[in-house]
2 protein chains.
Amino acid sequence: MLKISKKADYALMALQHIALVQFGDVTPGRVVNTKEIAEEYNIPLELLAKVLQALSKNGMIESHNGPKGGYLLARNASHITIAQILESIEGPLGLTDCSHEKDGDFCMQREHCNIRTPLLKVQDSIYQLLNSMTLQDMMGGTPLITIQSPSTQGVNR
Amino acid sequence: MLKISKKADYALMALQHIALVQFGDVTPGRVVNTKEIAEEYNIPLELLAKVLQALSKNGMIESHNGPKGGYLLARNASHITIAQILESIEGPLGLTDCSHEKDGDFCMQREHCNIRTPLLKVQDSIYQLLNSMTLQDMMGGTPLITIQSPSTQGVNR
DNA sequence: TGATCTCCGATCTAATAGGTCGGACTAAAG
DNA sequence: CTTTAGTCCGACCTATTAGATCGGAGATCA
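A word on the overall build of chain A
Here is step 1 of the chain: Along the backbone of chain A there are five helices and two strands.
Here is step 2 of the chain: Its helices and strands in sequence order give chain A the pattern α-α-α-β-β-α-α, from N to C terminus.
Here is step 3 of the chain: The buried share of chain A, taken over its 157 residues, is 48%.
Here is step 4 of the chain: Sequence separation of 24 or more characterises 61% of the internal contacts of chain A that already satisfy a separation of 6 or more.
Here is step 5 of the chain: Carbon and sulfur atoms make up 49% of the accessible area of chain A, which amounts to about 7600 Å² in all.

Dropping the structure here:
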């Protein structure tokens, strides 16, 4: 349960790779093209291309056209959070369909629904977790993250 | 992203309803049948039945056959966690396919995968969160039973 | 014994994830 | 200024799964 998609998976791998090349390497500032990443991690080329396009469109990376072109991180790895990456690919975080319902767009159960509020609290906690971790944290030694339980924050009402 | 299934949604609603009837009501100990829940929350009857069967099979509730039959919580609401409920319906928590891979059952990217370890940490944090919240916590108006100190969080079993 | 339940497996279909294809555009190198 | 290697973009196909349905078997109690 709560699985992220393969595309999101690929996005994380690709960004981590780009970040490594750009910062940790002997050739800082080098652009990375789709093919290089696809071959390194055994990712279908065309699918990865779509993922990178989405990341580019959402401002995670910059694309450079033409030969010797490729991708660069749009900003420092410490300013790109896991939440931002995942949302670029899979859309906004939401445990349930009703997470982002506008007024007058209710689900069939909304009238007597008793779980919406507590689930929103859980969702918020998960969001904080994903947003507190950055690409930087995924490079090399990763620190253990802690999460605040909503049950300590007054879930009821 | 990270949406839980409708079935899991229904499971949470149903259990919350059963818990309310059983403990907070004027008729404590009363059994609750599938139809009652389905009508109250506009859930397709047959689908809800399957959900309740799964919950019963996984020890969340007890089923009582025959007329005047129905379901009862298998144990106190404070001892049923959200994680247990969700896993009864959707299977074990896992952000990626490789979360529960046995030896020799690797994904195509495993060889150079750089995100597996950090994602497992995230996953563990989410699990702790879902496991720290109980059915009791989802019943409005009722007092919380377990209050976790923030300083004790993030500790692995 | 009949009515009313739960139980259980088979099945259908609608949505989505995963993956593919083909062509348009762009920029650097010859 | 032409060629070529790369990104860009959108349509498309397919396999899997979630969501929902159906029919009958077995249990229980009046």
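Considering the nonpolar core
Here is step 1 of the chain: Membership of the largest hydrophobic core comes to 90 residues, with the highest contact counts inside it found for L55(A) and L55(B).
Here is step 2 of the chain: Setting aside its immediate chain neighbours within four residues, L55(B) contacts A11(B), L15(B), M60(B), I61(B), I85(B), S88(B) and I89(B).

As for the environment of N42(B)
Here is step 1 of the chain: Structurally, N42(B) is set in the loop between α2 (34-41) and α3 (45-57).
Here is step 2 of the chain: Setting aside anything within four residues of it in sequence, one finds N42(B) in contact with M108(A) and Q109(A).

Structural notes on the protein's contact with DNA strand D
Here is step 1 of the chain: As a matter of local geometry, DNA strand D sits amid 21 residues, with S63(A), N65(A), Y71(A), K6(B) and P67(B) nearest to it.
Here is step 2 of the chain: K6(B) is positioned such that a nitrogen or oxygen atom in its backbone is 2.9 Å from a phosphate oxygen of DNA strand D.
Here is step 3 of the chain: Here a sugar or linking oxygen of DNA strand D and a side-chain polar atom of N65(B) are 3.4 Å apart.
Here is step 4 of the chain: Looking at the surface near DNA strand D, the elements that each hand over two or more residues are α3 (45-57) and β1 (61-64) of chain A together with α1 (6-24) and α3 of chain B.
Here is step 5 of the chain: Looking at the surface near DNA strand D residue by residue, the classes come out as six nonpolar, 10 polar and five charged.

Re empty space enclosed by the protein
Here is step 1 of the chain: Inspection of every chain in the model, using the stated rule, returns two cavities of 30 Å³ or more.
Here is step 2 of the chain: By volume, the largest cavity amounts to about 90 Å³.
Here is step 3 of the chain: As for the largest cavity, its lining consists of K6(A), D9(A), M13(A), T96(B), D97(B), C98(B), C107(B), Q109(B), C113(B), I115(B), R116(B) and L119(B).
Here is step 4 of the chain: Those elements giving two or more residues to the lining of the largest cavity turn out to be α1 (6-24) of chain A together with α5 (116-132) of chain B.
Here is step 5 of the chain: Among the elements that make up the lining of the largest cavity, the one with the highest residue count is α1(A) (three residues).
Here is step 6 of the chain: Classifying every residue of the lining of the largest cavity by side-chain character gives six nonpolar, two polar and four charged.
Here is step 7 of the chain: Counted as a void, the second largest cavity has a volume near 40 Å³.
Here is step 8 of the chain: If you trace the second largest cavity, you find it lined by L2(A), L95(A), L119(A), V122(A), I126(A), I4(B), I82(B), L86(B) and L130(B).
Here is step 9 of the chain: If you list the elements that add at least two residues to the lining of the second largest cavity, you get α5 (116-132) of chain A together with α4 (82-90) of chain B.

Let's talk about α5(A)
Here is step 1 of the chain: Here α5(A) contains 17 residues, and its C-alpha end-to-end distance of 24 Å stays within 8% of the 24 Å for a straight helix at 1.5 Å per residue.
Here is step 2 of the chain: Among all positions of α5(A), only R116(A), P118(A), L119(A), V122(A), Q123(A), S125(A), I126(A), L129(A) and L130(A) are buried.

Some details on the protein's contact with DNA strand C
Here is step 1 of the chain: Taken together, 23 residues are adjacent to DNA strand C, and K6(A), N33(B), S63(B), N65(B) and Y71(B) come closest.
Here is step 2 of the chain: Sugar plus phosphate, as a fraction of atoms of DNA strand C within 4 Å of the protein: 62%.
Here is step 3 of the chain: T34(B) is positioned such that a nitrogen or oxygen atom in its backbone is 3.1 Å from a phosphate oxygen of DNA strand C.
Here is step 4 of the chain: Within the side chain of Y71(B), a nitrogen or oxygen atom sits 2.4 Å from a phosphate oxygen of DNA strand C.
Here is step 5 of the chain: Listed by contribution, the elements that provide at least two residues to the surface near DNA strand C are α1 and α3 of chain A together with α3, β1 (61-64) and β2 (70-73) of chain B.
Here is step 6 of the chain: Taken together, the residues of the surface near DNA strand C sort by class into six nonpolar, 11 polar and six charged.

Points about the side chain of R116(B)
Residue and element names in this part refer to chain B.
Here is step 1 of the chain: Looking at where R116 falls in the secondary structure, it is placed in helix α5.
Here is step 2 of the chain: Looking at R116, its side chain comes within polar contact range of the main-chain oxygen of C98, at 2.4 Å.
Here is step 3 of the chain: Filtering out sequence-adjacent residues up to four positions away, R116 remains in contact with C98, S99, E101 and R110.

So, the packing of helix α2 (residues 34-41) of chain A against α3(A)
Residues and elements named next belong to chain A.
Here is step 1 of the chain: Following both chains from N to C, one finds α2 and α3 inclined at 125°, their axes separated by 9 Å at the closest point. Here α3 runs oblique to α2, going by the angle between their axes. The interaxial crossing formed by α2 with α3 has right-handed handedness. For the pair α2 and α3, the contacting residues are T34, K35, I37 and A38 in the first and L45, L48, A49 and L52 in the second.
Here is step 2 of the chain: Across the contact of α2 with α3, the residue classes tally to six nonpolar, one polar and one charged.

With respect to α3(A)
Here is step 1 of the chain: The end-to-end C-alpha separation of α3(A) is 18 Å, in line with the 18 Å expected for 13 residues at 1.5 Å each.
Here is step 2 of the chain: Taken from the residues just after α3(A), G59(A) is the one with a positive phi, measuring 75°.

Here we look at the pairing of β2(B)
Residue and element names in this part refer to chain B.
Here is step 1 of the chain: In the sheet, β1 pairs with β2 via four bridges, with the strands oriented antiparallel. Paired with E62 across the strands is L72, a residue of β2.
Here is step 2 of the chain: Taking the residues that link successive antiparallel strands as the turn, the β1-β2 hairpin has five residues, and the phi of G66 there is positive, at about 80°.

The rules behind these values
Residues numbered from 1 in each chain as written. Chains lettered and ligands numbered in written order. Predicted model: local features only at pLDDT ≥ 70, side-chain atom pairs only at ≥ 80, totals over all residues. Heavy atoms only, no water. Helix = DSSP H or I, 4+ residues; strand = E, 2+ residues; numbered from the N terminus. Buried < 20%, exposed > 50% of the residue type's maximum accessible area, 1.4 Å probe, protein only. Contact = heavy atoms within 4.5 Å. Areas by Shrake-Rupley, 256 points an atom, 1.4 Å probe, with all protein chains shown as cover. Core = buried A, V, L, I, M, F, W, Y, C linked by side-chain atoms within 4.5 Å. Near = heavy atom within 4 Å. Polar contact = N/O pair within 3.5 Å; in protein donor to acceptor, adjacent residues only side chain to side chain. Nonpolar A, V, L, I, M, F, W, Y, C, P; charged D, E, K, R; others polar. 1 Å grid on protein atoms, 1.4 Å probe; cavity = no way out; pocket = protein on both sides within 12 Å on 5 of 7 lines; lining within 4 Å. Points joined across faces, edges and corners; volume = space filled by probe spheres on them. Expected span 1.5 Å × (residues − 1). Axes fitted to C-alpha atoms, helices over the stretch in contact; angles between N-to-C directions. Parallel < 35°, antiparallel > 145°, perpendicular 65-115°, else oblique. Left-handed = near helix turned anticlockwise from the far one by under 90°. Pairing = 2+ DSSP bridges.

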